Amino acid sequence: MTEPSTDLRETVRMRYAAAAVQVTEGGTACCGPAAIEVDEGFGGALYTADERERLPAEAVAASLGCGNPTAVADLGPGERVLDLGSGGGIDVLLSARRVGPAGKVYGLDMTEEMLALASANRKKAGVTNAEFLKGTIEAIPLPAGTIDVVISNCVINLSTDKPAVFAEIFRVLAPGGRLGVFDVVSDDALTPDQRAERGDHVGCVAGALSFTEYRRGLEAAGFTEVEIAPAHPVADGMHSAAVRAVKPRTAPTEAVEAAETAGSTDHAASACRTGVRP
């Protein structure tokens, strides 16, 4: 990883660590924690009132996403789900209810403060079929082929190595598994410089891919049935978008080999630590 990429990752980590601390320490005695202040088009208000009422207030307050991935992932009982950049745990907790006791949900985050907040929220919600893991979305600490659905909420745009993220998602998904995420996506007409003029990287704007770039990135990783549908604007020419894709049941040999090679060394130890098996 180049030095600028490392600096950007640390900037992202610091921003979300501060957000977790704000929720943990900045609550009010009568009404629970105040929501983190974010631009319109982001945050807990994008979930239904019924969903918010069923969750710990801290999980809703810590939401920084641009949509509701559980609304597009079509989760079913018994499925194994991975949430990339799980933050305070809102999507993990919602997913855990949808997959039921026979299912399992993993939340992956690189920020210690968010992981601590998410674990506390899991206990408050009484959820027993969820687990939070520390790691990056470019090197997912799970074995290949062990996940049915990957979700994420406005996190992939923060990565400085999106091809690695797409390859890792493809690797951990079982054949026939699917991707259902919300992310910020740019109009094709906007150059990277024009995207940066509309917002910074940590604000989920400067690092966004265009619609065509996103589609090509997923297809290059081996995904099929790619759908990218804009949901609402977040800046001029920038959109919150629902992204869906499928890992074929018979994947192209080249994509499988590339994904397995990229992850085989780093993930054997992680498989032992998490206890996950194909």
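From a predicted model like this one, the values you see are computed outputs, not experimental measurements.

## Regarding helix 4 (residues 90–99)
Counting buried residues along helix 4, 8 of its 10 residues qualify, which places the element largely inside the surrounding structure. For helix 4, the set of buried residues is Ile90, Asp91, Val92, Leu93, Leu94, Ser95, Ala96 and Val99. Just downstream of helix 4 lies Gly100, where phi reads positive at about 75 degrees.

## Quick word on the nonpolar core
Membership of the largest hydrophobic core comes to 32 residues, with the highest contact counts inside it found for Leu82, Val150, Ile169, Tyr214, Leu218 and Phe223. At the level of elements, strand 3 (80–84), strand 4 (104–109), strand 6 (147–153), helix 6 (162–172), strand 7 (173–186), helix 8 (211–221), strand 9 (224–235) and strand 10 (238–246) are the ones that each hand at least two residues to this core. With 5 residues, helix 6 is the single largest residue contributor to this core. Discounting residues that sit within four places of it in the chain, Tyr214 has contacts with Ile156, Phe166, Val181, Asp183, Val185, Leu209, Ile228 and Val243. Ala73, Leu115, Ala118 and Ala130 belong to the second-largest nonpolar core, a separate cluster that totals 21 residues.

## Description of unusual backbone geometry
The phi dihedral of Asp74 falls on the positive side, at around 55 degrees, and the residue is not glycine. Take Asp74: it is sitting in the loop between helix 3 (57–61) and strand 3. Phi angles above zero are rare outside glycine, and Glu225 is one such case at about 55 degrees. Within the secondary structure layout, Glu225 lies in strand 9. Classification of Glu225 as exposed rests on a relative accessible area of 58%.

## Considerations on the confidence of the model for the chain
Any residue range with low pLDDT should be treated as having predicted coordinates unsuitable for detailed reading. Summarising the model, the chain shows a mean pLDDT of 81, and 72% of its residues fall at 70 or more. Taken element by element, the chain is modelled with least confidence in strand 1 (residues 27–28), mean pLDDT 46, and with most confidence in helix 8, mean pLDDT 98. Here residues 267–278 is modelled with pLDDT under 50, and outside its nearest four sequence neighbours on either side it reaches 23 contacts, counting other chains as well.

Calculation criteria
Residues numbered from 1 in each chain as written. Predicted model: local features only at pLDDT ≥ 70, side-chain atom pairs only at ≥ 80, totals over all residues. Heavy atoms only, no water. Buried < 20%, exposed > 50% of the residue type's maximum accessible area, 1.4 Å probe, protein only. Helix = DSSP H or I, 4+ residues; strand = E, 2+ residues; numbered from the N terminus. Core = buried A, V, L, I, M, F, W, Y, C linked by side-chain atoms within 4.5 Å. Contact = heavy atoms within 4.5 Å. pLDDT = per-residue confidence, 0-100.

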